[in-house]
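Chain residues, written in single-letter form:
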Amino acid sequence: MEAPSNVIAQRREKLEEIRNLGANPYPYRYSPTHTTSEIHQQFAAIQETPDESKPICIAGRIMTKRDHGKSSFANLQDSEGLIQIYVRQNVIGDDRYDIYKILDVGDIVGVEGVVFRTRTGELTVLANALELLSKSLRPLPEKWHGLQDKETRYRQRYADLIVNREVKDVFSKRTLIVQAIRDYLNAIGFIEVETPVLQPIYGGANARPFITHHNTLDQTLYLRIANELYLKRLIVGGFDRVYEFSKDFRNEGMDRDHNPEFTMLELYQAYADYEDIMCLTEQLIAHTAKEVVGSTEITFQGEEISLEPPWQRLTMIESIGVKTGIDVESLGDGALQDAALDAKVDLDGVESRGGTIAAIFDTLVEPKLLQPTFICDYPIEVSPLAKKKRGDERFVERFEYFMVGMEMGNAFSELNDPIDQRERFIEQGKKLEAGDEEAFMVDEDYLRALEYGMPPTGGLGFGIDRLTMLLTDQRSIRDVIFFPQMRPEDQT
RNA sequence: GCGCCGUUAGCUCAAUUGGCAGAGCAUCUGACUCUUAAUCAGGCGGUUGAAGGUUCGAUUCCUUCACGGCGCACCA
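Calculation criteria
Residues numbered from 1 in each chain as written. Chains lettered and ligands numbered in written order. Predicted model: local features only at pLDDT ≥ 70, side-chain atom pairs only at ≥ 80, totals over all residues. Heavy atoms only, no water. Phe/Tyr/Trp six-rings, centres within 6.5 Å; stacked < 30°, edge-to-face > 60°. Helix = DSSP H or I, 4+ residues; strand = E, 2+ residues; numbered from the N terminus. Buried < 20%, exposed > 50% of the residue type's maximum accessible area, 1.4 Å probe, protein only. Lys NZ or Arg CZ within 6 Å of the ring centre and 35° of its normal. Pairing = 2+ DSSP bridges. 1 Å grid on protein atoms, 1.4 Å probe; cavity = no way out; pocket = protein on both sides within 12 Å on 5 of 7 lines; lining within 4 Å. Points joined across faces, edges and corners; volume = space filled by probe spheres on them. Nonpolar A, V, L, I, M, F, W, Y, C, P; charged D, E, K, R; others polar. Domains from an automatic or database assignment. Axes fitted to C-alpha atoms, helices over the stretch in contact; angles between N-to-C directions. Parallel < 35°, antiparallel > 145°, perpendicular 65-115°, else oblique. Left-handed = near helix turned anticlockwise from the far one by under 90°. Contact = heavy atoms within 4.5 Å. Core = buried A, V, L, I, M, F, W, Y, C linked by side-chain atoms within 4.5 Å. Polar contact = N/O pair within 3.5 Å; in protein donor to acceptor, adjacent residues only side chain to side chain.

1. Section: the packing of aromatic side chains
At step 1: For the coordinates displayed, the defined rule picks out 15 aromatic pairs.
At step 2: For the ring pair Phe361 and Tyr378, a centre distance of 6.5 Å and an interplane angle of 65° mean the geometry is edge-to-face. With Phe361 in helix 12 (residues 353-365) and Tyr378 in strand 15 (residues 373-379), this residue pair connects regions lying 17 residues apart in the sequence.
At step 3: The class for Tyr378 is buried, based on a relative accessible area of 4%.
At step 4: With 6.1 Å between their ring centres and 65° between their planes, Phe374 and Tyr401 make a pair best called edge-to-face. On the criterion of sequence distance, the pair formed by Phe374 in strand 15 and Tyr401 in strand 17 (residues 392-403) is long-range, its members being 27 residues apart. Neither Phe374 nor Tyr401 differs from the other in exposure class; each is buried.
At step 5: Ring-pair connections join several aromatic residues into one group, and the members of that group are Trp311, Phe374, Phe399 and Tyr401.
At step 6: Sitting over the face of the ring of Tyr230, Arg233 holds its NZ or CZ atom 4.6 Å from the ring centroid.

If you want it as structure tokens, here you go:
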């Protein structure tokens, strides 16, 4: 650990001083009657003379302290905001004032008092009594500039949250987003379920897994990369509308859009196809935006984004034509590859025509999709869990939706033909054997489930983290995850 | 994994061409009973991320390493 600084040593001495003065620096409980925001609401009309008939108790952290000899002002912060307190020696008494004098910024106190307004108009609690609730030993970052250093902010999120209030707002919104989604889905007949995090066979996405081991079973287990195949088993079992907020784990690189563990919402609706899911998606996201930011019109990194349905719908082939001028359908396989290479698309590891189309899309089209756009009908080669497109077996009924240049979600008409699904798995198995660590494993139990018969089903998955980035205007996923993954801190 | 940039007091940041490592806030002492970036006076605070090298002398130049940010790659 880091060496104790002088400040920490000083504060440890104050601990003893406080004990010597007869106070417990770590008492057990306190009963606040109000939060700071309740005081601001309920006493908005108060004038300079306090209403002695309405004493209140608040608890919070001292954020600033302005001592004036025999009186002092301080700002107290609780979970909802700030309020000024005014402490006078002749009001709280000499003994308590002696303790108050040596309290530090960062200490947590309980204050009983009456509310009044100062000459300068600030709503203030005049303390009748003040009690230390927890002594702080470590100095807070500076009040004016706050905590800027990103590394410290991520490693010591607790300090970040104390001093940077807007960070707390982002995470409060994240909670509201989850609640809005849950409320919306519950209201239209979905039920929330839980499925395994530890899976003997990973599937449902193309990604490298984290591998772990169960000692008693002496069995390799994988942390889930998706919960898709389990939710569809529940559709087979007769739950017609299910969803799960799924913490997923992917053993891959980290950047502004990726954290090794992240949260996906997946939902499945029996008797629906991907067109139905498109309508559900745009309604769900628009509803969430209204609940959380009050509007479907949002700003992301200076860009005006409208989430108001309906969103633009393009097939992947159409979008390539619109954004690059490449007419995919008129080009043979070789000509298409040449067109891709001319446009500096990296085709390393791409073996199929469908893979080429997807690579062109990823490189040239995706970054240009700022407003919400559904991209439909993916090449079958890159979509092993989606049902073939009606009337064109080169494609599947799949869409992803994009905004601000990011992929935000993925959905299909779910493949429910067990024979077709087995063939797709076998194709994936060949890729896996050829060294593609991200290809699927054959999941015999899932095939068995499909053989019992799964209704036609539409499914959707989208990242809660990225939706939170969008709705809170944060460009980095680390700013919407409390404790983003970090390398170990050097503690020598 | 690759490239670029960064790391100086508790926090936010300076330091000229390689020449005594500084400021504001915080902290400590004293004064002050309506302040709010309180004010006034005085003080403390540093292994300049780590190790090595060049040099009379390194925060500064070189090498290696650690961590972070951004970009690329990988990937949704």
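2. Regarding the pairing of strand 12 (residues 297-300)
At step 1: Only one face of strand 12 is buried: it carries Ile298 and Phe300, and the other face, with Glu297 and Thr299, is open.
At step 2: For strand 12 and strand 13 (residues 303-306), the ladder comprises four bridges, and the chain directions are antiparallel. The residue bridging Thr299 from the neighbouring strand is Glu304, located in strand 13.
At step 3: Hairpin connection, strand 12 to strand 13: the antiparallel pair is bridged by two residues, and Gln301 has positive phi, about 50°.

3. Concerning empty space enclosed by the protein
At step 1: Per the stated rule, a full pass over the model turns up one cavity of 30 Å³ or more.
At step 2: Roughly 40 Å³ of internal volume is contained in the largest cavity.
At step 3: Along the walls of the largest cavity sit Gln199, Ile201, Tyr202, Gly203, Ala226, Leu229, Tyr230, Arg233 and Asp443, which together make up its complete lining.
At step 4: In terms of residue count, helix 8 (residues 228-236) provides more of the lining of the largest cavity than any other element does, three residues in total.
At step 5: For the lining of the largest cavity, a count of residues per class yields five nonpolar, two polar and two charged.

4. Quick notes on the domain arrangement of chain A
At step 1: Taken domain by domain, chain A holds domain 1 (6-140) and domain 2 (163-311 + 371-479).
At step 2: A straight line from the C-alpha centre of domain 1 to that of domain 2 covers 48 Å.

5. Observations concerning the sheet that holds strand 7 (residues 198-199)
At step 1: Read from one edge to the other, the open sheet built from three strands follows the order 7-9-8, with strand pairing classed as antiparallel. A single partner strand is all that each edge strand has here, and the edge strands are strand 7 and strand 8 (211-214).

6. Remarks on the pairing of strand 9 (residues 219-223)
Consecutive side chains along a regular strand alternate between the two faces of the sheet.
At step 1: For strand 7 and strand 9, the ladder comprises two bridges, and the chain directions are antiparallel. Note that in strand 9 the partner of Gln199 across the bridge is Tyr222.
At step 2: Where strand 8 and strand 9 come together, four bridges link them in antiparallel fashion. Bridge pairing links His213 to Thr220 in strand 9.
At step 3: As consecutive antiparallel partners, strand 8 and strand 9 are separated by four residues, and within that stretch Asp218 has a phi angle of approximately 50°, a positive value.

7. Focus on unusual backbone geometry
At step 1: The residue after Pro309, namely Pro310, is reached through a cis peptide bond having omega -5°.
At step 2: Within the secondary structure, Pro310 is located in the loop between strand 13 and strand 14 (312-315).
At step 3: For Gln301, which is not glycine, the phi dihedral falls at a positive 50°.
At step 4: Within the secondary structure layout, Gln301 lies in the loop between strand 12 and strand 13.

8. Points about the packing of helix 11 (residues 333-342) against helix 12
At step 1: The interhelical angle for the contact between helix 11 and helix 12, taken along N-to-C directions, is 25°, at an axis separation of 10 Å. As summarised for this structure, helix 11 and helix 12 are arranged roughly parallel, according to the angle between their axes. As helix 11 packs across helix 12, the resulting crossing turns out to be left-handed. Between helix 11, through Asp333, Leu336, Gln337 and Ala340, and helix 12, the contact on the second element is made entirely by Arg353, Thr356, Ile357 and Ile360.

9. Re the nonpolar core
At step 1: Core analysis: the biggest nonpolar cluster contains 43 residues, and Ile181, Leu267, Tyr401, Phe462 and Leu470 have the highest contact counts within it.
At step 2: Counting residues per element, this core draws most heavily on helix 9 (residues 274-293), which supplies eight residues.
At step 3: Residues in contact with Tyr401, not counting those within four places in the same chain, are Thr281, Ile285, Trp311, Thr373, Phe374, Met406, Glu407, Met408, Gly409, Asn410, Leu460 and Phe462.

10. Focus: the side chain of Arg11
At step 1: Among the structural elements, Arg11 can be located in helix 1 (residues 6-20).
At step 2: Within the local environment of Arg11, its side chain forms a polar contact with the backbone oxygen of Val105, the two atoms lying 3.1 Å apart.
At step 3: Leave out the neighbours within four places in its chain, and Arg11 touches Asp104, Val105, Lys135, Ser136, Leu137, Arg138 and Pro139.

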